[in-house]
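Architecture at a glance
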Amino acid sequence: MSVLDDIIAGVREDLETRRAVLPLEQVRAAALAAAPARDALAALTPSAQRPFGVISEVKRRSPSKGALADIPEPARLAAAYAAGGAAAISVLTEQRRFGGSLADLDAVRAAVDVPVLRKDFTVDEYQIFEARAHGADLVLLIVAALDDETLKAFLELTVSLGMTALVETHTEAEIERAVAVGARLIGINVRNLKTLDVDNAIFARLAGLIPAGAIAVAESGVSGVDDVIDYARSGADAVLVGEALVKGDDPRDAVSAFTAAGAGVRAATQNP
């Protein structure tokens with residue numbers, strides 16, 4: 001069993017516990033009654049105002065590194081991210097391996113006005129309705145965890161609820177599958193979720209496969225400004241960063257520095 005398979009098994013168990021307390025019908029009703037989702041595509045599309053985006057993550061633990069940060073006040077951390085210019089904020093809600101929760105999502109949603117991503121391993125439509133009910137504007141769809149039919153159905157459901165899907169890939173074949181279902185926000189995770197190995201060079205090898213009109217997000221592997229610059233030079237429109245921010249001394253300044261680094265590459269590319 002791969003690491004991804006093991007994580008998904010736990011996600012399914014925890015999902016059934018929540019479903020027993022709150023049936024799908026009630027979650028769907030709450031999702032449909034929620035305030036409209038923010039336009040994450042607009043926030044992450046490169047523009048004169050924001051040539052490069054940083055998706056800043058609230059992340060307590062990871063399967064590869066263990067405990068990263070305590071984060072007693074996720075709302076305070078999210079507010080610092082937003083003050084630093086984060087284009088969006090990602091909130092881990094998977095509990096067993098990442099120490100996240102829907103309570104973290106609620107706290108962040110109440111604290112910021114920027115789009116919020118529910119970062120989890122989506123394997124059931126229940127989770128998509130749940131995300132919208134808790135105010136998420138984006139959900140994560142991992143291509144490696146879904147067959148084509150389910151991926152397409154989940155993407156369509158996400159869009160129907162006014163949200164945006166960050167469709168995560170790791171291989172050429174997975175990018176082809178993401179493009180085939182019409183994904184507009186495509187992430188390339190340089191971490192192999194089946195082994196947890198990280199290879200930053202993967203982004204440069206695969207970024208050219210993301211078509212014009214889609215937004216390319218580099219995920220994982222950012223330890224500092226140099227990594228952001230490398231990703232931007234390879235075609236990233238945005239980066240998703242967790243560990244480097246939660247372990248740093250000043251998350252606001254770090255987000256600002258990462259955003260400026262990517263924007264600088266954009267400016268140099270457009271005005272050689």
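Here we summarise the structure given alongside this text. (Residues numbered from 1 in each chain as written. Predicted model: local features only at pLDDT ≥ 70, side-chain atom pairs only at ≥ 80, totals over all residues. Heavy atoms only, no water.)

1. Overview of the pattern of salt bridges
- This structure, assessed with the given rule, holds 19 salt bridges.
- Residue Asp124 pairs with Arg19 through a salt bridge whose shortest N-O separation is 3.1 Å. Remark: Arg19 occurs in helix α1 (residues 3-21) and Asp124 occurs in the loop between β5 (116-119) and α6 (125-133); sequence separation between them is 105 residues.
- Residue classification places Arg19 among the partly exposed residues on the basis of a relative accessible area of 23%.
- A salt bridge links Arg60 to Asp104; the shortest N-O distance between them is 2.2 Å. Placement of Arg60 in the loop between β1 (53-58) and β2 (61-62) and of Asp104 in helix α5 (residues 102-111) is noted, with a sequence separation of 44 residues between them. Just as Arg60 is buried, Asp104 falls in that class too. (Salt bridge = Lys/Arg side-chain N within 4 Å of Asp/Glu carboxyl O. Helix = DSSP H or I, 4+ residues; strand = E, 2+ residues; numbered from the N terminus. Buried < 20%, exposed > 50% of the residue type's maximum accessible area, 1.4 Å probe, protein only.)

2. Some words on the pairing of β1
- For β1, the tally of buried residues reaches six of six residues, placing the bulk of the element in the interior.
- Neither face of β1 is open: one carries Gly53, Ile55 and Glu57, the other Val54, Ser56 and Val58, and all of them are buried.
- Note that β1 and strand β10 (residues 238-241) share four bridges and pair parallel. Of the residues in β10, the one forming a bridge with Ser56 is Val241. (Pairing = 2+ DSSP bridges.)

3. Focus: the pairing of strand β4 (residues 88-92)
- Across the five residues that make up β4, a large majority, five, are buried.
- Residue alternation in β4 divides its side chains into two sets, Ala88, Ser90 and Leu92 and Ile89 and Val91, and both sets are buried.
- Note that β1 and β4 share four bridges and pair parallel. Note that in β4 the partner of Ser56 across the bridge is Ile89.
- Relative to β5, β4 runs parallel, the two being bridged by four bridges.

4. So, the sheet that holds strand β9 (residues 215-219)
- Taking strand neighbours around the barrel as the criterion, the eight strands line up as β1-β4-β5-β6-β7-β8-β9-β10 in a closed arrangement whose pairing is parallel. Geometrically, the sheet is characterised by an average inter-axis angle of 25° between neighbouring strands, direction not taken into account.
- Strand contacts of helix α4 (residues 74-83): β1 and β4, with the helix running at about 170° to β1, the strand carrying the most contacts. (Axes fitted to C-alpha atoms, helices over the stretch in contact; angles between N-to-C directions. Contact = heavy atoms within 4.5 Å.)

5. A look at helix α10 (residues 225-233)
- Every buried residue of α10 is listed here: Asp227, Val228, Ile229, Tyr231 and Ala232.
- At its buried positions, α10 is contacted by α9 (201-206), β9, β10 and α12 (251-270).
- In the segment just after α10, Gly235 is the residue with positive phi, at about 115°.

6. Comments concerning the environment of Thr45
- Within the element layout of this structure, Thr45 appears in the loop between α3 (40-44) and β1.
- The partly exposed category is assigned to Thr45, whose relative accessible area is 36%.
- Taking the C-alpha atoms as reference points, Thr45 and Ala238, 193 residues apart in sequence, are found 8.7 Å from one another.
- With near-sequence residues (within four places) excluded, Thr45 lies in contact with Arg50 and Ile215.

7. Digging into the packing of α4 against α5
- Interhelical geometry of α4 versus α5 gives an angle of 45° and a closest axis separation of 8 Å. By the angle class used here, α4 and α5 are oblique. Between α4 and α5 the crossing geometry is right-handed. Judged by residue contacts, Pro74, Ala75 and Ala78 of α4 engage Asp104, Ala107, Val108 and Ala111 from α5. (Parallel < 35°, antiparallel > 145°, perpendicular 65-115°, else oblique. Left-handed = near helix turned anticlockwise from the far one by under 90°.)

8. As for the packing of aromatic side chains
- Following the criterion strictly, the structure yields two aromatic pairs and no others.
- Look at Phe98 and Phe121: their rings are 5.9 Å apart centre to centre, the planes differ by 35°, and that puts the pair in the tilted class. A residue pair is termed long-range when its members are at least 10 positions apart, and Phe98 in the loop between β4 and α5 and Phe121 in the loop between β5 and α6 qualify at 23 residues.
- A relative accessible area of 7% means that Phe121 is categorised as buried.
- The interplanar angle of 70° and the centroid separation of 5.4 Å between the aromatic rings of Phe203 and Tyr231 together place this pair among those described as edge-to-face. Of this pair, Phe203 sits in helix α9 while Tyr231 sits in helix α10, and the two are 28 residues apart along the sequence.
- Judged by relative accessible area, which is 3%, Tyr231 ranks as buried. (Phe/Tyr/Trp six-rings, centres within 6.5 Å; stacked < 30°, edge-to-face > 60°.)

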